[in-house]
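Tertiary structure, described
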Amino acid sequence: MRIARFSIDGNVAFGAVEGDKPDELVLDIIKGIPFADFQLSGTKVPLSKVRLLSPVLPNKVVAYGRNYADHAKELGNEVPDVPFAFFKPSTSVIGPGDEIQYPSFSAEVHHEAELAVVIGRMCREVPRERVKDVIFGYTCANDITARDVQKREKQWARAKGFDTSCPLGPWVETGLDLGTAADLTIQLTVNGEQRQLGRTSEMIHPIEDLIVNISEAMTLLPGDVILTGTPAGVGPLTVGDEVAVTIEGIGTLTNKVVKRG
């Protein structure tokens, strides 16, 4: 099931996306929230009539760096022996179609296409064999990075956490199991030109290891998001660019880069 969060007539709701053709998709509005038992209302709205929002409002976004060997190599970094985590604040999250605002303190902003894991229940110290039970689904992410700031500052808070630096969407796909999610095509285009192309099977540390790693340290809440790293091919974005992340079996997340006003 594809679960979207959307706005219509000033109201925000969740809905199940139905249909296959992009111009014929509809939303069956959900009664309640998708992280608990819910029912479909039977009230359907054409997707074209709503504004899609970020599919979740995470309490926290935990991102993992250098989790694809070729990406670490292209930036001249060593591959970490253990998963390497950092945070992106909730204020960095935007949805499909929202604008990425080029920060005034950077002159080198890069795209990073990533598979995002959405947590479905409160959990802590999750054993590897139970990881599948705490995952709600998967979505597309773009870990927008002020690369020049990242290089000169030891902490990545500003480089990775500025407003609009975490596009998510277009919805959460709940129908993928861990085995399928572990081998999906992930690609990114800028103005229609392919920049990144890889597979999630290229991860150094698989999804299970990432969730075990972070849940050893902290409680994960429903709606929290885990970013799993990016394949090689990261590169610069400029004002006016349209950047799109497409992940097999999930969908396409598109955003435009604008000058911060």
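Residues numbered from 1 in each chain as written. Predicted model: local features only at pLDDT ≥ 70, side-chain atom pairs only at ≥ 80, totals over all residues. Heavy atoms only, no water.

Quick look at the sheet that holds strand 10 (residues 109-111)
Note the following rule: For two strands to be treated as a pair, DSSP must find at least two bridges joining them. Elements are defined by DSSP. Helices are runs of H or I of four residues or more, strands are runs of E of two residues or more, and each kind is numbered from the N terminus.
Here three strands make up an open sheet; going across it, the order is 13-10-18 and the pairing antiparallel. In this open sheet, the two edge strands, each paired with only one partner strand, are strand 13 (145-146) and strand 18 (235-237). Of the pairings in the sheet, the one linking strand 10 to strand 18 comprises three bridges and is antiparallel in character. The partner of His 111 across the bridge, within strand 18, is Gly 235.

Structural notes on the pattern of salt bridges
Using the following cut-off: We count a salt bridge whenever a side-chain nitrogen from Lys or Arg sits within 4 Å of a carboxyl oxygen from Asp or Glu. When accessible area is computed with a 1.4 Å probe and restricted to protein chains, residues below 20% of their type maximum are described as buried, those above 50% as exposed, and intermediate ones as partly exposed.
Within the structure shown, the criterion is met by 14 salt bridges. For Arg 128, the salt bridge identified is with Asp 209, shortest N-O distance 2.2 Å. Of this pair, Arg 128 sits in the loop between strand 11 (113-119) and helix 2 (131-134) while Asp 209 sits in helix 6 (residues 207-215), and the two are 81 residues apart along the sequence. Exposure remark for Asp 209: the relative accessible area of 27% places this residue in the partly exposed category. Between Arg 158 and Glu 153 there is a salt bridge whose closest N-O contact spans 2.8 Å. We classify Arg 158 as partly exposed; its relative accessible area is 40%. Taken together, the salt bridges that share partners define one network made up of Lys 88, Glu 112, Asp 143, Arg 147 and Lys 160.

Interpretation note: all reported values are geometric properties and have no functional meaning in isolation.
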